[in-house]
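Tertiary structure, described
Take a look at the letters that make up each chain.
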Amino acid sequence: MATKKADKVMTLTEAASLVRDGDTVALQGMGTQMSPLALVRELIRAGKRDLTIVMIVGGIGLDWLIAAGCVRRVIAIIVNLDEFGMAHAFRRAVEAGEVVMEEYSEHQLLSRLLAGAYGLPFLVTRSGLGTDLIALHPETTRIIACPFTGQEVVACRALVPDVAILHAHRADRYGNVQFFPKPIWLDADVFPRAAKKVIVTVEEIIENEEIRRTPIHTGIPYFKVDAVVEVPYGAHPCSLYPFYAFDRALFQEYATASRTVEGTRAFLDRYIYGPTTHAEYLQRVGGAEMLLRIRKWE
Amino acid sequence: MAEIARDYTVDELMVVTLARQFRSEDIVLNGTVSFIPVAAIMLARATHAPGLTWVAGAVGVDAYPEPLSGNTLDPTMWRRCVMYLPQEHMWSYVHRGVLETFCLRGAQIDKYGNVNNTVIGEYARPRVRLPGSAGMGDMGSLDKRIFIWTTTHTPRTFVERVDFRSCAGYLDGGDARERLGLKNGPQLVITNLCVMDFEPESKHMRLKSLHPGVTLEEVQAQTGFRLLIPKAIPPTEPPTVEEIRLLREVIDPRGMRKLEFRGAPARA
């Protein structure tokens, strides 16, 4: 386990090498919000294969990974592009049998992750009773009787991802990660606790003394973090509230392009395989003018 | 007696009808891509239900955001709230029943109010892979009073039996839901053609009122199962002039609620 003073700062490329082919990767992202998409683009360029991606709400990063052939299995409650509609690469891949969707209700998936976070074999919920969701995966959800009352509940088996990847507001070199406000969505809260390894990209790396002056904002402590990467606008085209909004134009461009396989390929070539650095990527998606627009939440 | 509006559209009628279901003591949270419910919640709070608590975007407790601008889970929805609700807290309130009301829609709805937003066809190799169950997989099983809305009242949406049960409605009808220990359930279905409820004994979907200009024959033709038809079928209560003014000028001047009529594939 990490020491207090281990310097965990690395490059995107180095961080991506911590993710191995076949890993179960918990990927933060809530609709159009807070997702480590610079790192996702790096994973795609690194040609990762056979990943199982865990997201509560699967979004654009997952659809890119599927389109690039990195994904074998998805664990989520829904996959779409929020108000921009269907996640087409996901839809095509599942319909073709190339990717397996392991679907849960939200509280079933949360229960699996919390069991993982606590090191328990399972936790129970009432969520999903009466639906077809329980019988989908007898290896991970089963109806059992409460030993005290006999009431039927759904047992949700622990899920321990190999690695969690997140984007946050700032951190120090040792991996004390701060959020403004502190984690609200389940992924930033539970993924780092449940996963074996944690990689966090941040807008800014700050001094340890600044963390000690403002511990009220710290959401993940250094001892749970393995890698810190400084990537300003690292969530783009997703938002990082309250720093910047999601990039409506790029979401719309992908939603339209991804209706066809060719369009999806062209989008990936232009925005993911083309730029070799994050700075080049930001130039290509609109540069300073676009950044000003998203900072103003327009 | 409030003045009845003469000039209104079907999206406005749906919002007003839904708004009138909310009570001042309700605590309501909204889901993703839910312009009609969000507009209805804001309208209810501005009219007959000032005490209603809205957990905006599932996070902002008692938020007072600007007019609707898009993306009903966005942080812009949380403005002027009293608390950002951590989602693990939210789920405890949902599980315990503190939060009791939820609105949802889906690709298929059957005669007992079960909803599918997962797949058309077989699960493993679906003909159409839909986005997924998301919150409906929880809310149907966790005793919520559920209001279902859809802007596509067609035989493709209203089916005899859903291909996949993403949301537990009244299951196989009768007391099936109760026997499983699930309370409450679907209350009302509000569509672009009519309003429907559920007959108390059989839990079979039943016509309640028709929107202006819509006939019984049309509704039956657009429904993929035999609807229960009551003896008297009133017209859907029209909006008041004040409700329409609030909706157009204060709550949703950009007309985000109309986005739900784009004919895009159903999303949760």
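Residues numbered from 1 in each chain as written. Chains lettered and ligands numbered in written order. Predicted model: local features only at pLDDT ≥ 70, side-chain atom pairs only at ≥ 80, totals over all residues.

**Looking at the overall build of chain B**
Helices and strands together make up the secondary structure of chain B, namely seven helices and 14 strands. Taken against the 2.2 N^0.38 rule, which gives 18 Å for 268 residues, the C-alpha radius of gyration of chain B at 18 Å falls within 12% of a compact globule. Within chain B, residue pairs in contact and separated by at least 24 positions form 68% of the contacts whose partners lie at least 6 positions apart. (Helix = DSSP H or I, 4+ residues; strand = E, 2+ residues; numbered from the N terminus. Rg over C-alpha atoms; globule rule 2.2 N^0.38 Å. Contact = placed C-beta atoms within 7 Å.)

**Quick notes on the overall build of chain A**
Across its full length, chain A holds eleven helices and 14 strands. Taken along its principal axes, the extent of the C-alpha atoms in chain A is 60 × 50 × 35 Å. Across the 298 residues that make up chain A, the buried fraction comes to 55%. For chain A, long-range pairs separated by at least 24 residues make up 74% of all intrachain contacts whose partners lie at least 6 apart in sequence. (Buried ≥ 20, exposed ≤ 12 C-beta atoms within 10 Å, placed from the backbone.)

**Focus on the pairing of strand E14 (residues 205-210) of chain B**
All names here are of chain B. With five bridges joining them, strand E13 (residues 194-198) and E14 adopt antiparallel strand pairing. Considered in E14, the bridge of Val 195 is made with Ser 209. Counted between consecutive antiparallel strands, the loop separating E13 from E14 contains six residues, among which Lys 203 sits at a positive phi close to 60°. (Pairing = 2+ DSSP bridges.)

**A look at helix H4 (residues 88-95) of chain A**
Most of H4 of chain A sits out of view: seven of its eight residues are buried. Residues His 88, Ala 89, Phe 90, Arg 91, Arg 92, Ala 93 and Val 94 of chain A constitute the buried set of H4 of chain A. Of the surrounding secondary structure, the elements contacted by the buried residues of H4 of chain A are strand E3 (57-58), helix H3 (60-67), strand E5 (78-79), strand E6 (100-103) and helix H9 (261-273) of chain A together with strand E9 (128-129) of chain B. Where H4 of chain A terminates, the next one or two residues include Gly 97 of chain A, which has phi positive at roughly 75°.

**A look at the sheet that holds strand E9 (residues 152-157) of chain A**
Residues and elements named next belong to chain A. Sheet architecture is open: three strands sit in the order E7-E9-E8, paired in antiparallel fashion. In the strand order of this sheet, the two ends are held by strand E7 (122-125) and strand E8 (141-145), each with one partner. Pairs of neighbouring strands in the sheet enclose a mean axial angle of 40°, with direction left out of account. The pairing of E7 with E9 spans four bridges and is antiparallel. Bridge assignment links Phe 122 to a residue of E9, and that residue is Arg 157. Relative to the sheet, helix H5 (residues 106-118) contacts E7, E8 and E9, its axis offset from that of E7 by approximately 155°. (Axes fitted to C-alpha atoms, helices over the stretch in contact; angles between N-to-C directions.)

**Some details on the domain arrangement of chain A**
Residues and elements named next belong to chain A. Looking at the assigned domains, one finds that chain A contains domain 1 (12-103 + 161-295) and domain 2 (117-157). With centres defined by C-alpha atoms, the gap from domain 1 to domain 2 works out at 30 Å. Taken together, the contact pairs five residues of domain 1 with four residues of domain 2. Of all elements in the fold, only E6 and helix H6 (186-194) reach the threshold of two or more residues within the side of domain 1 that touches domain 2. When grouped by side-chain class, the residues that make up the side of domain 1 that touches domain 2 number two nonpolar, no polar and three charged. (Domains from an automatic or database assignment. Nonpolar A, V, L, I, M, F, W, Y, C, P; charged D, E, K, R; others polar.)

**Structural notes on the packing of helix H2 (residues 37-45) of chain A against H3 of chain A**
Residue and element names in this part refer to chain A. Between H2 and H3, the shortest axis-to-axis distance is 10 Å and the interhelical angle comes to 5°. Classed by the angle they form, the pair H2 and H3 counts as roughly parallel. Here Leu 37, Val 40, Leu 43 and Ile 44 of H2 lie close against H3, whose contacting residues are Gly 61, Trp 64 and Leu 65. Its residues assigned to classes, the contact of H2 with H3 comprises six nonpolar, one polar and no charged. (Parallel < 35°, antiparallel > 145°, perpendicular 65-115°, else oblique.)

**Quick word on H5 of chain A**
Residue and element names in this part refer to chain A. Between its terminal C-alpha atoms H5 stretches 18 Å, which fits the 18 Å expected from 13 residues at 1.5 Å a residue. Burial analysis of H5 places eleven of its 13 residues in the buried class, the great majority of the element. Listing the buried residues of H5 in full gives Glu 106, His 107, Gln 108, Leu 109, Leu 110, Ser 111, Arg 112, Leu 113, Leu 114, Ala 115 and Gly 116. The positive-phi residue at the C-terminal boundary of H5 is Gly 119, with phi of around 70°. (Expected span 1.5 Å × (residues − 1).)

**Description of the interface of chain A and chain B**
Of the residues lining the interface, 40 residues belong to chain A; the matching set on chain B comes to 44 residues. Every element with two or more residues in the side of chain A that touches chain B is listed here: E5, H4, E6, H5 and H6 of chain A.

**Section: the nonpolar core**
Across soluble globular proteins, nonpolar side chains have a tendency to be buried as a group. Ranked by size, the top nonpolar core spans 177 residues in total, and within it Ile 53, Leu 65 and Val 200 of chain A together with Val 15, Leu 18, Ala 39 and Leu 43 of chain B carry the most contacts. A total of nine residues in this core trace back to one element, the largest contributor, which is helix H2 (residues 35-46) of chain B. For Val 200 of chain A, the contacting residues outside a window of four places in its chain are Leu 166, Ala 168, Ala 171, Gly 175, Val 177, Ile 220, Val 225 and Val 228 of chain A. (Core = buried A, V, L, I, M, F, W, Y, C linked by C-beta atoms within 7 Å.)

**A short note on the environment of Pro 275 of chain A**
Residues and elements named next belong to chain A. Relative to the helices and strands, Pro 275 is located in the loop between H9 and helix H10 (278-284). Pro 275 sits 29 residues away from Phe 246 along the chain, and the two C-alpha atoms are 20 Å apart. If near-sequence neighbours (up to four positions away) are discounted, Pro 275 is found in contact with Glu 280, Tyr 281 and Arg 284.

**With respect to the domain arrangement of chain B**
All names here are of chain B. When its domains are assigned, chain B resolves into domain 1 (1-99 + 237-261) and domain 2 (105-236). The C-alpha-based centres of domain 1 and domain 2 are spaced at 22 Å. With 16 residues of domain 1 in contact, the opposing surface of domain 2 contributes 14 residues. Take the side of domain 1 that touches domain 2: its biggest share by element is five residues, from helix H1 (residues 10-19). Partitioning the side of domain 1 that touches domain 2 into residue classes produces eight nonpolar, six polar and two charged.

**Some details on the confidence of the model for chain B**
Chain-level statistics for chain B give a pLDDT mean of 95 and a share of 97% at 70 or above. Overall fold confidence (pTM) sits at 0.96, and the ipTM for the predicted complex is 0.95. (pLDDT = per-residue confidence, 0-100.)

**Some words on the sheet that holds strand E7 (residues 115-116) of chain B**
All names here are of chain B. One open sheet accounts for three strands, arranged E7-E6-E11; its pairing is mixed. Bordering the open sheet on either side are E7 and strand E11 (158-159), each of which pairs with just one other strand. With two bridges joining them, strand E6 (residues 108-110) and E11 adopt parallel strand pairing. Bridge assignment links Asp 110 to a residue of E11, and that residue is Val 159.

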